[in-house]
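Take a look at the letters that make up each chain.
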Amino acid sequence: LVVLRGSLYPTVPDWVLNFSPLPSLSSPHRNLSAFPAAQSEHLQQKMSENGALPLRGKVLTVDTMNANVKKVDYAVRGPIVQRAVQIEKELKEGVKKPFEEVIKANIGDAHAMGQRPITFFRQVIALCTYPQLLDDNKFPEDAKNRARRILQSCGGNSIGAYTTSQGIDCVRHDVASYIQRRDGGIPSDPDNIYLTTGASDGIVTILKLLTAGEGRTRTGVMISIPQYPLYSASIAELGAVQINYYLNEEKCWSLDISELQRSLHAAREHCNPRVLCIINPGNPTGQVQSRQCIEDVIRFAAKENLFLMADEVYQDNVYAEGCEFHSFKKVLFEMGPEYSSKVELASFHSTSKCYMGECGFRGGYMEVINMDPEVKAQLTKLVSVRLCPPAPGQALMDLVVNSPQPGEPSYQTFMKERTAVLSALAEKAKLTEEILNTVPGISCNPVQGAMYSFPRITLPERAINEAKAKGQAPDMFYCMKLLEESGICLVPGSGFGQREGTYHFRMTILPPTDKLKIMLNKLKEFHQKFTQQYS
Amino acid sequence: MYRLQSLAARSLIAGALDHCTPLTLTSLTGVRHKSQGPSVEKCGQMRFLTAEAKASAGRLDGKMREKTLTMDTLNPQVKAVEYAVRGPIVLKAGEIERYLEEGGTKPFSEVIKANIGDAHAMGQQPITFLRQVVALCTFPELMDSPSFPEDAKWRARRILQGCGGHSLGSYSASPGVECIRKDIAAYIEQRDEGVPSDWENIYLTTGASDGIMTILRLLVSGKDSSRTGVMIPIPQYPLYSAAISEMDAVQVNYYLDEDNCWALDINELHRAYQAAKQHCQPRVICIINPGNPTGQVQSKKCIEEVLHFAYEENLFVMSDEVYQDNVYAPDCQFHSFKKVLYEMGPEYFSSVELVSFHSTSKGYTGECGFRGGYMEVINMDPEVKAQLVKLLSVRLCPPLAGQAAMDVIVNPPQPEEHTFKQFHQEKSSVLGALAEKAKLTEQILNAVPGIKCNPVQGAMYAFPRIFIPPKAVEEAKALGMQPDMLYCLRLLEETGICVVPGSGFGQKDRTYHFRMTILPSIEKLNVLLGKVRDFHISFLKEYSGLE
């Protein structure tokens, strides 16, 4: 409630006085009648504290708001992160802390961690934004060519025009030929490509199409546990049913078909499982799926009539030797027409990860395979209500799929920058695993891909009890303490889901190597201290 | 009753083409341009609910694995969504364009898309300063370039300092970059002549649409007669009806008064509210000012009445003010809902929950592609605000380039800055041309017998009423189509002009309209209006049995 600063207000205009009597003034409780008695008393109390009259209850309160929104949880930007922001402010204001800066390892935000943008990409976007630069000889020709081509595809040759809702035509064509190249020639149809506002937007849109039914026929969505909480959040918001299948931590977070089977059967008792979501490479778990495993998943989806959603935003982030990224689409088509003509698949990609880390541009695409043509028309209609994904993000996506080629002036610089980022990531993946595994009570699977490690932490019984007494998840308690004492901001495993009685946290491997080392050592010290303190 | 009406309004367009069987559609076009490329029948197929597609889906049943996702198993709320601004007529326009590109012939050489407020697509040039700042943010190496003005560099540096790692490529906080939120609050305070604005009430959005949907999402709850009712003007911008369908809220129509220059009549609000209370719980009133598609600018008195009504009936107010800089009529002025609320005194200003929306897409910048926008949230329950922040955080953040563009709009060059002159010149030239085109459109349309157009006081559209002869109405009905859809499809087929039928926005029973933007260049607009006039006259003749 607003505390009124009376002196700021001008005199009430005459016409207001002419409304007589103001009903809510004459009966102040009238509008509160919708509230339960206790709440209404509480409201009045609050109001009288502020010295204002209880005029009118809020239309929108936590009791009257959309119940599904209330259920949404998104730990990656949850209470820990809010506290981290607060601490940053406190530091700025000169408050003394046992550390000088907050290290935010909570989110895969490469540029915020100091990664430099790929020069070529930014050159092209700058050219698209301010085409006068096309006359500037400091910009390489290949950048200019791409900018011209993108602009020619934009209404009025401006990146400020709405694009078609599905995305700029030439960008969709480029995406399709990229996929075709990536998948060894398996055809990709530009009509199946939809540009999106980051991958999240695409994922939510597809889930929206799929959510239907009531009670036992309500759509069930199978998601991995641990999962990236966008999934659980969207499921909650849409009022769909979340079906958990657990990844096997002992086997490097691999996906086990018998576990899929178990969770599906259990779910069929109370909902209609229709969708299977896979994140490969895994977030938060960093595993890279084997080809065999993908084949098994596809066979399972075909047998059980499930719509497949493959979140492949980390497709360029594979570090471990012996691991390779296999796209679901490629494997599907290699399994023959029996599968490739049937299984409905949507796969997602983004500008935010890989070597470019351009999160702020909110670029992404999805490819939909075997979608019913009428449903596709409905999809097009649905995305048209939001008009279009941001055009600069679309342009950036275009560059990712149409990067400088050998022989072009920017090729060498581009490759140098790209390789530098990816090899640093590979090094940091290794480093993180190694250092964490030297800490007693922490055990970390290899970070085969993606941008995170998700180590398991052993917490003393007393810490668990203390957390429970506070109504906190034990790993939340752990992460909060870590933040307060060392300035390191991580996300507790409970935000992603984990087997009961196990505790984890997710940290990104994105900080620069020296900072990462410092961070890991601080973490090590903290963990040892924490264990001692509570043992 | 109004529930029924709203349902009918929603299904207008759907109905228009759902029943378009290829046969009847051929009879529609066949008379005129035989086999001239993609015609309405193609359109009917694209839109998709054709018997043929159903049959082929049926064939799959026996032999193959049935699709997991079909029209029968699709989210029914998604099915109910209609969005005419990019609906069947626009899809068809796209087809004709492609057909022309491939060398096909039509009685015209280009499609003029007057269906959407997309200024740059219509040739409007970007504001140089805005693009300079965004380019500098994108490629900071340009900071060393002497060809960029210091004013732009200074702003770009400031924005980048607000970004993680000083890069436009990092995620921002979910409510937006902090310094941009502060600039917006300062802008609002200035616009509203000192009415305080708290930057923590500002949330950047992905275009205004995103903000509108987010707020509606918070508000929709309850079942059956306690389900949230959302009061929207008719005619409305169909984002509202689409969002309401998608969320399965109840659309409550209040009709604007066409005879009174689309003014909002407080008695009509009362009527709509009372009627809706029988079957839902009206909790929100949406206002679009200046109006889309109707172009009216609300008087201060009218806004006061709306706010008083919202106060009395305990309604949450959503004011869509994206056209706040687009006011052309000399006797009109933009009044923000917030300022008026403030001036009504503390008992209003401290209690009425209000969200107002703005965007980079309209005004004089027309930067639609950047998807920039903000909303200011007043008197929202703090716990609900926390829920709002949580909800926004799931989508991570609005696009940074759009946030940067929004920042330039609220923090433009000042008179003492070097770039001011050019900026001011570009701005006034866009707004001056729009004012001229608003006048021109009204004048030419009103000279056509059977077309009546209210003054375009603001925004970017004319929404003229058109007389459709009974014979044409009958023909449309036989085709299962709204009469103004038939009219607009014919207009498109015969002249290449793409406008949106009034039925896509909602209108009083048995009245017909279309929405056209006033954005084409003056020459093109003249040509366009001339073609509309000729078409209308020949349409009238044809269906009045005079031919």
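Residues numbered from 1 in each chain as written. Chains lettered and ligands numbered in written order. Predicted model: local features only at pLDDT ≥ 70, side-chain atom pairs only at ≥ 80, totals over all residues. Heavy atoms only, no water.

An unreviewed UniProt entry lists chain B under the name alanine transaminase, with Sinocyclocheilus grahami given as the organism. Under the Sequence similarities (unreviewed entry) heading, UniProt states for chain B: "Belongs to the class-I pyridoxal-phosphate-dependent aminotransferase family. Alanine aminotransferase subfamily." Under the Subunit (unreviewed entry) heading, UniProt states for chain B: "Homodimer." (UniProt positions renumbered as here; feature names shortened; annotations may be inferred.)

Looking at an unreviewed UniProt entry, chain A carries the name alanine transaminase, with the source organism given as Sinocyclocheilus grahami. Here is the UniProt Catalytic activity (unreviewed entry) comment for chain A, exactly as written: "L-alanine + 2-oxoglutarate = pyruvate + L-glutamate". Listed in UniProt under the heading Sequence similarities (unreviewed entry), the comment for chain A reads: "Belongs to the class-I pyridoxal-phosphate-dependent aminotransferase family. Alanine aminotransferase subfamily."

Undergrad: For the interface of chain B and chain A, give the residues involved together with the corresponding values.
TA: Taken together, the contact pairs 112 residues of chain B with 113 residues of chain A. The interface formed by chain B and chain A includes 5 salt bridges. For Arg 395 of chain B, the salt bridge identified is with Asp 201 of chain A, shortest N-O distance 3.6 Å. Run the count over chain B and chain A and you get 33 residue pairs in polar contact (both at pLDDT 80 or more). Per-element accounting of the side of chain B that touches chain A gives the leading share, 8 residues, to helix α16 (residues 382–394) of chain B. When grouped by side-chain class, the residues that make up the side of chain B that touches chain A number 57 nonpolar, 29 polar and 26 charged. (Contact = heavy atoms within 4.5 Å. Salt bridge = Lys/Arg side-chain N within 4 Å of Asp/Glu carboxyl O. Polar contact = N/O pair within 3.5 Å; in protein donor to acceptor, adjacent residues only side chain to side chain. Helix = DSSP H or I, 4+ residues; strand = E, 2+ residues; numbered from the N terminus. Nonpolar A, V, L, I, M, F, W, Y, C, P; charged D, E, K, R; others polar.)

Undergrad: Outline the domain arrangement of chain A, listing residues and values.
TA: All names here are of chain A. For chain A, the assigned domains are domain 1 (72–102 + 413–534) and domain 2 (119–402). Computed from C-alpha coordinates alone, the two centres of domain 1 and domain 2 are separated by 28 Å. With 32 residues of domain 1 in contact, the opposing surface of domain 2 contributes 36 residues. The junction of domain 1 with domain 2 conceals about 2800 Å² of combined surface from both sides, 58% of it contributed by carbon and sulfur atoms. Between domain 1 and domain 2 we count 2 salt bridges in total. Arg 456 is the partner of Glu 250 in a salt bridge, and the nearest nitrogen-oxygen pair spans 3.8 Å. Inspection of the region where domain 1 meets domain 2 yields 13 residue pairs in polar contact (both at pLDDT 80 or more). Listed by contribution, the elements that provide at least two residues to the side of domain 1 that touches domain 2 are α17 (411–437), β10 (452–453) and β14 (503–508). Take the side of domain 1 that touches domain 2: its biggest share by element is 8 residues, from α17. Here the side of domain 1 that touches domain 2 is composed, by residue class, of 18 nonpolar, 8 polar and 6 charged. (Domains from an automatic or database assignment. Buried area = accessible area lost by both parts, 1.4 Å probe.)

Undergrad: If you had to explain the nonpolar core to someone new, which residues and values would you point to?
TA: Counting 243 residues, the largest nonpolar core has Ile 206 of chain A together with Ile 215 of chain B as the members making the most contacts within it. When neighbours within four sequence positions are excluded, Ile 215 of chain B is seen to be in contact with Phe 316, Met 318, Val 355, Phe 357, Met 375, Met 380 and Leu 388 of chain B. Counting residues in hydrophobic clusters, the runner-up holds 40 residues, among them Ile 80, Leu 431, Tyr 478 and Tyr 534 of chain A. (Core = buried A, V, L, I, M, F, W, Y, C linked by side-chain atoms within 4.5 Å. Buried < 20%, exposed > 50% of the residue type's maximum accessible area, 1.4 Å probe, protein only.)

Undergrad: Give a description of the domain arrangement of chain B that names residues and reports values.
TA: Residues and elements named next belong to chain B. According to the domain assignment, chain B consists of domain 1 (84–122 + 423–544) and domain 2 (129–410). Listed by partner, the interface residues are 32 residues for domain 1 and 33 residues for domain 2. Across the domain 1/domain 2 interface, buried area totals approximately 2700 Å², and carbon plus sulfur atoms make up 59% of it. On inspection of domain 1 and its partner domain 2, the count reaches 1 salt bridge. As a salt-bridge pair, Arg 465 and Glu 258 come within 3.6 Å of each other at their nearest N and O atoms. Put simply, domain 1 and domain 2 have 15 residue pairs in polar contact (both at pLDDT 80 or more) between them.

Undergrad: Tell me what's going on with the packing of helix α18 (residues 420–446) of chain B against helix α21 (residues 522–543) of chain B, and back it up with residues and numbers.
TA: Residues and elements named next belong to chain B. Here α18 crosses α21 at 15°, and the two axes come no closer than 10 Å. What the angle tells us is that α18 and α21 run roughly parallel. Two packed elements cross with a definite hand, and for α18 against α21 that hand is right-handed. Of α21, the residues touching α18 (which contributes Glu 436, Lys 437, Leu 440, Thr 441, Ile 444 and Leu 445) are Ile 522, Leu 525, Asn 526, Leu 529, Val 532 and Arg 533. Grouping the amino acids of the contact of α18 with α21 by side-chain chemistry returns 7 nonpolar, 2 polar and 3 charged. (Axes fitted to C-alpha atoms, helices over the stretch in contact; angles between N-to-C directions. Parallel < 35°, antiparallel > 145°, perpendicular 65-115°, else oblique. Left-handed = near helix turned anticlockwise from the far one by under 90°.)

Undergrad: Lay out the sheet that holds strand β2 (residues 202–205) of chain B with the relevant residues and their values.
TA: Residue and element names in this part refer to chain B. Taken in spatial order, the 7 strands line up as β2-β8-β7-β6-β5-β3-β4 in an open sheet, and their pairing is mixed. The open sheet has two free edges, formed respectively by β2 and β4 (250–255), since each of these has just one partner strand. For this sheet the average axis-to-axis angle between neighbouring strands, irrespective of direction, equals 25°. Where β2 lies against strand β8 (residues 373–378), 4 bridges are found, and the strand directions are antiparallel. For Ile 202, the partnering residue across the bridge sits in β8 and is Glu 376. Helix α11 (residues 239–247) rests against β3 (228–234), β4, β5 (281–288) and β6 (316–320) of the sheet, and its axis sits at about 160° to β3. (Pairing = 2+ DSSP bridges.)

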